[in-house]
Amino acid sequence: MTRLTVSVQQRLAAPVEDIWAVIDDTSRYAEWVDGALEVTTHHGAATVGETYSERNRTIGPLTTRSVWTVGKVEPRSLRVDSGTGFAPLHDMVNTFRFEPLGAEATLMTYRVDCRVGLGPLGRLVAPVLEKSLTGQFRRSMTTLESVVHAERGIDQAGGL
């Protein structure tokens, strides 16, 4: 199987505490994760060993159901979750890293590591998946920033 790693960094104009308040709540993924249509089961604050489930968009009108297990939590710094339900992707691990950039900005890294099935065809599919996931991660982080701004009462131009 072909290994695939996609990692995208983006500066978010919000303090790490505010970003963490959203990403730490497993019920809120459909609000900001591109492709997550709804969270079907959750446990609230991310807790190591607990699971949450989503209904996700795949290609066109097709959807899938995923189950995520929280693997590691370092508040305001790191979340690592493993997921199933994304065939032909296997052994999926999502990593969210956060680095404060002063009081009002955060550098976020959104990364996935997985194996692409489909035998030899996986090598051909991997670059397409990489491009697609890169776009999804960028859209997710931009949406996350917008959600945080809305909760703080900040318009998109940065004013109150």
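To be clear, the structure that these remarks concern was listed above.
Worth saying up front: this structure is predicted, and the values here are computed from it rather than measured.

Rules used in this analysis
- Residues numbered from 1 in each chain as written.
- Predicted model: local features only at pLDDT ≥ 70, side-chain atom pairs only at ≥ 80, totals over all residues.
- Heavy atoms only, no water.
- Axes fitted to C-alpha atoms, helices over the stretch in contact; angles between N-to-C directions.
- Helix = DSSP H or I, 4+ residues; strand = E, 2+ residues; numbered from the N terminus.
- Parallel < 35°, antiparallel > 145°, perpendicular 65-115°, else oblique.
- Contact = heavy atoms within 4.5 Å.
- Nonpolar A, V, L, I, M, F, W, Y, C, P; charged D, E, K, R; others polar.
- Phe/Tyr/Trp six-rings, centres within 6.5 Å; stacked < 30°, edge-to-face > 60°.
- Buried < 20%, exposed > 50% of the residue type's maximum accessible area, 1.4 Å probe, protein only.

Topic: the packing of helix 1 (residues 16-23) against helix 3 (residues 121-152)
How two helices pack is summed up by the angle between their axes together with the distance between the axes. Helix 3 packs onto helix 1 with a crossing angle of 105 degrees between their chain directions and a minimal axis gap of 10 Å. Considering the angle they form, helix 1 stands roughly perpendicular to helix 3. Where helix 1 approaches helix 3, its residues D18, I19, V22 and I23 are matched on the opposing element by L144, V147, V148, E151 and R152. A class-by-class count of the residues in the contact of helix 1 with helix 3 yields six nonpolar, no polar and three charged.

Some points on the packing of aromatic side chains
Under the counting rule described, the total for this entry stands at nine aromatic pairs. Their ring planes at 50 degrees and their centres at 5.1 Å tell us that Y29 and Y52 sit as a pair that is tilted. One end of the pair, Y29, is in helix 2 (residues 29-32); the other, Y52, is in strand 3 (residues 51-57), with 23 residues separating them in the sequence. Per residue, the accessibility class of Y29 equals that of Y52, and both read buried. Linked through ring pairs, Y29, W32, Y52, F96, Y110 and F137 together constitute an aromatic cluster.

Remember that the coordinates give geometry; whether it matters functionally is a separate question.
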